[in-house]
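Overview (structure and organization)
This is what each chain is made of:
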Amino acid sequence: MGSKSKKYLKLKNTKAAAMKKDELKKKMEAALEEYPFETEEEITKKETKKKAYVEAESSEGESTDNENAYYDDIEMDLDLFVNNKLIVENSPISLIRNKKYGLVGRNGIGKTTLLKAIRKRQFGIPKALKIHLLKQDYVSDEKIIDYVGIDGGKILQNLGFKKEQLQQTLREMSGGWRMRAQLAKAIHLNPDLLLLDEPTNFLDIHAINFLESQIENLKTVIIVSHDRNFLNNTTDTTLLLHNYKIETYNGNYSAFVKQKEEERIRAVREYDSIKAQRDHMESFINRFRANAKRSSQAQSRIKLMEKIPLPELAKEAPQMKFRIKTQAVKGVLVEIENTVFSYPIPSKDGETINKKVIFKDLSLRIDTGSRMVIVGENGMGKSTLLRLLTQNIFPDSGKVTLHPALKIGYFAQHHLDHLDHEQGALSLLMKTYDEETSRAALSNFGLQINNQKIGTLSGGQKSRLAFALLSLEKPNMLIMDEPTNHLDMETIDALADALINFEGAVICVSHDLAFIQKVFNEVYICENQELTFFRGSPLDYKESIKEH
């Protein structure tokens, strides 16, 4: 290389370094202005550490001067066999740049496994492509602000984070907050290909609104989700994983469902038409096979029938049906009047100096036929209200009247985490009930798992196990905290139908609008230390908060 070329490269690198230094300074100033709790030295150290660290869930691709250097569509020939299980076989697909894809298919078919394989750059994915996978179980000891990036503060704020939370580590946060941190990082990175696995689990409707608004501005995205409304609002193409193939459908989830139904109707019509032809020919053959004058015609029809085979109709999966048993009672089950509830806030020396008020004048009446859904931002008291109703906690003042025959069935995600993972599912039920009753309860919720260890069950199977336990208790009031998390769409539909037919009251915290719309007719907003009845549908509520 000549001396002129060397001087040019040195000058170019010096200019680039100066630009990067100026860019870093601007980032630090912006971060300090919005979150003024870190020194310039601390931020510089974190930026250096960030550059030297490549995360397990992110694949940065080859270094290029232009961060938007990858412009081509992504061509993949999918062929995946994992742990003696075939996921997809000889199925070529093309991902068009900047399109948003919904990946759907029944529970356990391998959608998450497929996302992980794409993240690992199988199927001939180019090295220059930057990939990021949002995972359900990601944990690390990084602080939130380090993990997301110093200039990701605004995104974190829009996802509900407070300033004091940004210094906590991912490991210290609940599953819901870890998911939000991952989403913030994904939005901040905006990779060439973003893979989102159940991103709405644990989010409130406010956070879902924000996520929907951001996905539109991202590059190519593949989303696995059980939330129909979310898929409808974020995707423009649907990928169906079925029979070890990927089929591509233009449009969002609702458009996909419509196309599948049209395919089914066409297939039935074709089957009926061919069957009618074959039945007519078979009738002729049976009549004239032994007739000397017509036998040649009968033989020609036999040959023709061989050329027109009867098509096979796709077997529809049996519809899942649940039943939650109850000992129904009539009248008012719970009445809460002018109730105050607060949490004590200890001082640094351990002495309680004041209280954080969650509800200042809570009044609520629950009848046998009530179908109430509680909505609102995380941290406003939704789960606290459920715990008040279950009497896990008690109010500071006010009046709570319970029906003498009240029997509550409580479903909460954290209960599943506390189950003994080494215990068998059947053994758990047989602690209280006989074997026949226990097996029937498992079967009622579609669990053909015998005495499989609870730790080996999927999230959806654990939820159904919890529903089986609830049903055996025969409650007359169900209280449910995000019951659709980890469930596939068929199971959500079955649960919705079971709740509609349940002969008691149902009070639920949920963000799944399709599920809410189907089951609940009373929407209550939890905010500003109050519980307020919302005059409108859940969709109306979702639209109303977009305006603020």
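From a predicted model like this one, the values you see are computed outputs, not experimental measurements. (Residues numbered from 1 in each chain as written. Predicted model: local features only at pLDDT ≥ 70, side-chain atom pairs only at ≥ 80, totals over all residues. Heavy atoms only, no water.)

Digging into the overall build of the chain
Heads up, the condition is: Numbered from the N terminus, helices here are DSSP runs of H or I no shorter than four residues, and strands are runs of E no shorter than two. Exposed residues in this analysis have more than 50% of their type's maximum accessible area, buried residues have under 20%, and partly exposed residues fall in between, with area computed by a 1.4 Å probe over protein chains only. Throughout, a residue-residue contact means that at least one pair of heavy atoms, one from each residue, lies within 4.5 Å. Working definition of accessibility: Shrake-Rupley area with a 1.4 Å probe, residue cover restricted to the visible protein chains.
From N to C terminus, the chain includes 18 helices and 18 strands. Counting over 548 residues, the chain shows a buried share of 44%. Put simply, of all contacts in the chain between residues at least 6 apart along the chain, 70% involve residues at least 24 apart. When the accessible surface of the chain is split by element, carbon and sulfur atoms take 48% of a total near 29,300 Å².

Overview of helix α7 (residues 205–215)
Given 3.6 residues to a turn, an α-helix orients residues that are three or four positions apart in the same direction. What counts, and what does not: Two N or O atoms form a polar contact when they lie within 3.5 Å of each other; inside protein one atom must be a possible hydrogen donor and the other a possible acceptor, and for residues adjacent in sequence the pair counts only when both atoms belong to side chains.
With eight of 11 residues buried, α7 is to be regarded as a mostly interior element. Every buried residue of α7 is accounted for by Ile-205, Ala-207, Ile-208, Asn-209, Phe-210, Leu-211, Glu-212 and Ile-215. A distance of 3.1 Å separates the backbone nitrogen of His-206 from a side-chain oxygen at the start of α7, and that oxygen is part of Asp-204.

So, the sheet that holds strand β14 (residues 408–412)
Sheet strands pair by backbone hydrogen bonding; their relative direction is either parallel or antiparallel. Note the threshold: In this scheme, strands are said to pair when DSSP sees at least two bridges between them. Convention adopted: a line fitted to C-alpha atoms gives each axis, helices being fitted over their contacting stretch, and angles between N-to-C directions are expressed from 0 to 180 degrees.
The sheet built from six strands is open, its strands ordered β14-β15-β16-β12-β17-β18 with mixed pairing. Two strands close off the open sheet at either side, each with one partner strand: β14 and β18 (530–534). With direction set aside, neighbouring strand axes in the sheet form an average angle of 20 degrees. As paired elements, strand β12 (residues 371–375) and strand β17 (residues 522–527) share four bridges and run parallel to each other. Residue Val-373 lies in a different strand from β17, and its bridge partner there is Val-523. Lying over the sheet, helix α15 (residues 459–473) contacts β14 and β15 (477–481), oriented at roughly 170 degrees with respect to β14.

Thoughts on the pairing of strand β9 (residues 245–250)
Bridge analysis of strand β8 (residues 237–242) against β9 gives six bridges, and the strand direction is antiparallel. Residue Thr-237 lies in a different strand from β9, and its bridge partner there is Asn-250. Here β8 hands over to β9 after two residues, with Asn-243 in that stretch at a positive phi of 55 degrees.

Some points on the packing of helix α9 (residues 253–288) against helix α10 (residues 295–307)
Just so we agree on the cut-off: For classification purposes, angles smaller than 35 degrees are called roughly parallel, those larger than 145 roughly antiparallel, those between 65 and 115 roughly perpendicular, and all remaining angles oblique. Should the near helix be turned anticlockwise from the far one by less than a right angle, the crossing is left-handed, and should it be turned clockwise, the crossing is right-handed. All amino acids are sorted into three groups, where Ala, Val, Leu, Ile, Met, Phe, Trp, Tyr, Cys and Pro are nonpolar, Asp, Glu, Lys and Arg are charged, and the leftover types, Gly among them, are polar.
Between α9 and α10, whose axes approach to 9 Å, the crossing angle comes to 150 degrees. When the interaxial angle is binned, α9 and α10 end up roughly antiparallel. For α9 against α10, the interelement crossing comes out left-handed. Mapping the contact onto sequence places Arg-278, Met-281, Glu-282, Phe-284, Ile-285 and Phe-288 in α9 and Ser-295, Gln-297, Ala-298, Arg-301, Ile-302, Leu-304 and Met-305 in α10. Its residues assigned to classes, the contact of α9 with α10 comprises eight nonpolar, two polar and three charged.

So, the pattern of salt bridges
As a reminder, the rule being used: The salt bridge definition used is simple: a Lys or Arg side-chain nitrogen within 4 Å of an Asp or Glu carboxyl oxygen.
As enumerated under the stated definition, the model contains 13 salt bridges in all. Residues Asp-192 and Lys-219 are paired through a salt bridge, measuring 3.7 Å at the closest nitrogen-oxygen approach. On the criterion of sequence distance, the pair formed by Asp-192 in the loop between α6 (175–189) and β6 (193–197) and Lys-219 in the loop between α7 and β7 (220–224) is long-range, its members being 27 residues apart. Here Asp-192 matches Lys-219 in class, with each residue buried. Several salt bridges converge on common partners, so that one network encompasses Arg-228, Asp-493, Asp-497 and Lys-518.

With respect to helix α18 (residues 538–546)
Quick note on the threshold: The arc in question is the one traced by the directions running from the helix axis out to the C-beta atoms.
Buried within α18 we find Pro-538, Tyr-541, Lys-542 and Ile-545. For α18, the buried positions fall inside an angular range of 100 degrees around the axis, keeping them on one side. Looking at the buried positions of α18, the neighbouring elements they touch are α7, α8 (228–234), β12, α17 (513–519), β17 and β18.

A closer look at the environment of Gln-167
Checked against the element boundaries, Gln-167 lands in the loop between α5 (153–158) and α6. What makes Gln-167 partly exposed here is its relative accessible area of 27%. For the pair Gln-167 and Asp-146, spaced 21 residues apart in the sequence, the C-alpha separation amounts to 8.6 Å. In terms of polar contacts, Gln-167 uses its side chain to reach the side chain of Lys-143, at 3.2 Å.

Here's the deal with the nonpolar core
This is how it is decided: Take the buried residues of types Ala, Val, Leu, Ile, Met, Phe, Trp, Tyr and Cys, join any two whose side-chain atoms come within 4.5 Å, and each joined set is a nonpolar core.
Core analysis: the biggest nonpolar cluster contains 46 residues, and Leu-465, Leu-478, Met-480, Leu-495, Leu-499, Phe-515 and Phe-520 have the highest contact counts within it. Membership of the second largest hydrophobic core comes to 39 residues, among which are Leu-134, Phe-161, Leu-183 and Leu-194.

Topic: the side chain of Asn-229
Turning to its location among the elements, Asn-229 is positioned in helix α8. On the accessibility criterion, Asn-229 (16% relative accessible area) is buried.

Looking at the packing of α7 against α18
α18 packs onto α7 with a crossing angle of 65 degrees between their chain directions and a minimal axis gap of 10 Å. In this view, α7 runs roughly perpendicular relative to α18, as classed from their interaxial angle. Crossing of α7 over α18 shows right-handed handedness. Counted together, Ile-205, His-206, Ile-208, Asn-209 and Glu-212 of α7 and Tyr-541, Lys-542, Ile-545 and Lys-546 of α18 form the full contact between these two elements. Counted by class, the contact of α7 with α18 contains four nonpolar, two polar and three charged residues.

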